[in-house]
Amino acid sequence: MLEIRNLYASVDGNEILKGINLKVNKGEVHAIMGPNGSGKSTLAKVLAGHPSYEVTRGEVLFEGKNLLELSPDVRAREGVFMAFQYPIEVPGVSNAQFLRLAYNEKQKHLGQEELDPLEFKDLLKEKAKIVEMEASFMTRSVNEGFSGGEKKRNEILQMAVLDPKLSVLDETDSGLDIDALRIVAEGVNKLHDPNKAVILVTHYQRLLNYITPDFVHVLSAGRIVKEGGKELALELEEKGYDWLKNGSVAAGAK
Amino acid sequence: MSTAEILTNREYKYGWVTDIESETIPRGLSEDTVRLISQKKSEPEWMLEFRLKAYRNWLNMQEPRHWPNIAFPEVNYQDIIYYSAPKQRAAKVSLDEVDPELLRTFDKLGIPLSEQKQLAGVAVDAVFDSVSVATTYKEKLKKHGVIFCSFSEAVREYAEIVRKYLGSVVPTNDNFYAALNSAVFSDGSFCFIPKGVRCPMELSTYFRINNSESGQFERTLIVAEEGSHVSYLEGCTAPKFDKNQLHAAVVELVALDDAEIKYSTVQNWYAGDEQGVGGIYNFVTKRGKCAGRNSKISWTQVETGSAITWKYPSCILQGDNSVGEFYSVALTNHAQQADTGTKMIHLGKNTRSTIISKGISAGHANNSYRGLVKIMPKAENARNYTQCDSMLIGSDAGANTFPYIEVMNNSSQVEHEASTSRISEEQLFYLMQRGISQEDAVSLIINGFCKDVFLQLPMEFAVEATRLLGLKLEGAIG
């Protein structure tokens, strides 16, 4: 589904990603771990098309298409979703209004039926159950006055509505208490199926107790320095990241 | 082509000119011009006196150039044509007699006037350059006792009422542009809602400037008698010319005991091009008097057009317990300038006022809120709440807030809140990451920002305003 080849990216002239290689197949869950400043979030943002990040080398193929050529909104309609570490507030725009617009843009792009406000309300009601959100959230302004946990649940609700093929969750576990973490993780699990893929960007192993990754990749200084199965996450939890920093580049990253 | 380029290439869709034969008077302004206009309209002596008094006042007045935050080249008042009317066979009695070219013009503007196509639920007075060409639903309104007609007709048919109220809210010497208007106004709308009547439909006036050489000086007077209620809408467009046209209107509202007037404007005059060439100078005086107890006047304005907007719809809260409201969205893009706001003058006891102002500035535009809240000595327990929010798009736009607060009664309560924000790259990226195009994302953010004001607009106007803001901001980001 996704193939990243020798990806280099910089922000404000600083090179952050220095040759990332990663392949994600349908049905897989990948965890990208690493210390602060290793380039995890940059990778997520580059995949989503954040305008501040410049790709200087390499390529990214999504379903065979050159992802880097597409604008962020088109990537989204093609099925790439990113859950933000810090979801943005949009005052005066209701959650329902925002989500319906986003949903219909995708439907239009795929040549499928758009929904009127009433039909969409029904869809939203169903999807809200996945993240245990109350109806009152739908009429409130997007993320405005939401607690940290509510914002993250709102991200997963958006994921549920937009039904992406590839979901990139950027530090979705940060700032969550244990109950919110459970709700968010269960939401992600419910939404996963063999035709979809998930990339979890996380600093801590905690989230991986709830969402089991098929692969774990450790990023350090813009490169993948170690790869393994879910047990690698536990090892990192125990030993920290320091032992990897000076370590050799993993076999997977040529 | 980048998004920005695609967007900037879109056109102001009302920028065309109607090819119609007009009767114009020679350019320039003198006492003779004033007399000529009055004569053309076969006005009674008192009306001419009113005009002449205003003209003499005007001669001694100065343009308000030093205090507003706007700049523009000298206006040659002798180079303007003060009266321009489409030629007509005779005074029209019914719509069938209106020049088909004019009907087509308003059709094209989305304001069908012919009986079969009239907008349901909205009575329209259509003003073309200096004159009113048609008023719809007049007969139906008459059955309810509501008078809705052109100002000229009102002077002829309802002289008593006009004479009683004309100039009672905006005196002829109020300011430079109001004095000019009082001297040369050519037409406009008149509404009278009798005691206890709730006007059965929305009343509206659509102003169209067509002549590149003429100014538009119209006059609106709305009188709501005891316990009556009316909602009035105003829309405006103009062709694209590379010269500036002057629009100096005066609107007076009078609300007696327990009456309510809601006045909404969606102003979409031609704004000039990106370099600031052409466009309307919108120098307008709008004021309402809550003359009676428990009366209410509410102004809602969406100002998107004009090269320059100089406008302060105000309320004089004279009756005890009367309420004044001002809800405003002012959008400036490219080289547009706006200095707009309100005045709330509290005279009576327990009077209340609310001011919600949203200024959006993009390109090189300059957008100022200027507002006065004045609590007079006898206004016991008066209250005001003011909220002024500015949004900047890009790094070259300017926004200012100039609040004036004068309180002469200790029992009053005045609150003022202000904020300035920017559309951030992060906000746009967030919305785009959900599949929303950049254009739509900007519209969504702006409409969210303006929501408190849009909620005040009648349904159709709210839809129109939302669409308009989207169009006006095209090319602002990118």
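Residues numbered from 1 in each chain as written. Chains lettered and ligands numbered in written order. Predicted model: local features only at pLDDT ≥ 70, side-chain atom pairs only at ≥ 80, totals over all residues. Heavy atoms only, no water.

Turning our attention to the interface of chain B and chain A. The partner chain A presents 32 residues to the 19 residues of chain B that form the contact. When the two sides are added together, the surface that chain B and chain A hide from each other amounts to roughly 2,200 Å², 65% of it contributed by carbon and sulfur. By the criterion of area lost to chain A, the three top residues of chain B are Phe-429, Tyr-430 and Arg-434 of chain B, representing 35% of everything that side buries. Linking chain B with chain A are 1 salt bridge. Ionic pairing is found between Glu-155 of chain A and Arg-434 of chain B, a salt bridge with its closest N-O pair at 2.6 Å. Contributions of two or more residues to the side of chain B that touches chain A are made by helix H9 (425-433) and helix H10 (438-449) of chain B. (Contact = heavy atoms within 4.5 Å. Buried area = accessible area lost by both parts, 1.4 Å probe. Salt bridge = Lys/Arg side-chain N within 4 Å of Asp/Glu carboxyl O. Helix = DSSP H or I, 4+ residues; strand = E, 2+ residues; numbered from the N terminus.)

Residues of chain B with pLDDT of at least 70 account for 92%, and the chain-wide mean is 87. For this predicted complex, the interface confidence score (ipTM) comes to 0.94, while the overall pTM stands at 0.84. (pLDDT = per-residue confidence, 0-100.)

On to the sheet that holds strand E3 (residues 122-128) of chain B. Strand pairing in a sheet is mediated by backbone hydrogen bonds. Such pairs are either parallel or antiparallel. Residues and elements named next belong to chain B. Spatially, E4-E3-E7-E9-E12-E14-E17-E19-E21-E23 is the arrangement adopted by the 10 strands of the open sheet, whose pairing is mixed. Of all strands in the sheet, those bounded by a partner on one side alone are strand E4 (131-135) and strand E23 (413-422). Direction aside, the axes of adjacent strands within the sheet are offset by 10 degrees on average. Pairing analysis gives 8 bridges linking strand E9 (residues 229-237) to strand E12 (residues 260-267), with the strands arranged parallel. Paired with Gly-235 across the bridge in E12 is Val-266. (Pairing = 2+ DSSP bridges. Axes fitted to C-alpha atoms, helices over the stretch in contact; angles between N-to-C directions.)

With that settled, consider the packing of aromatic side chains. Taken as a whole, this structure holds 24 aromatic pairs over all chains when the rule is applied. Between Tyr-77 of chain B and Phe-176 of chain B the ring centres are 5.3 Å apart and the planes differ by 65 degrees, which places this aromatic pair in the edge-to-face class. On the criterion of sequence distance, the pair formed by Tyr-77 of chain B in the loop between helix H3 (45-59) and strand E2 (84-86) and Phe-176 of chain B in helix H8 (residues 176-184) is long-range, its members being 99 residues apart. Assigned by exposure class, Tyr-77 of chain B and Phe-176 of chain B land together as buried. On the numbers, 5.6 Å between centres and 20 degrees between planes, the contact of Tyr-281 of chain B with Phe-283 of chain B is stacked. Judged by relative accessible area, Tyr-281 of chain B falls into the buried class, the value being 7%. Taking relative accessible area as the criterion, Phe-283 of chain B reaches 0% and is therefore assigned buried. The residue whose ring lies beneath Arg-57 of chain A is Tyr-8 of chain A, and the NZ or CZ to ring-centre distance is 4.2 Å. Above the face of the Phe-137 of chain A ring, Arg-140 of chain A is positioned so that its terminal group lies 5.0 Å from the ring centre. (Phe/Tyr/Trp six-rings, centres within 6.5 Å; stacked < 30°, edge-to-face > 60°. Buried < 20%, exposed > 50% of the residue type's maximum accessible area, 1.4 Å probe, protein only. Lys NZ or Arg CZ within 6 Å of the ring centre and 35° of its normal.)

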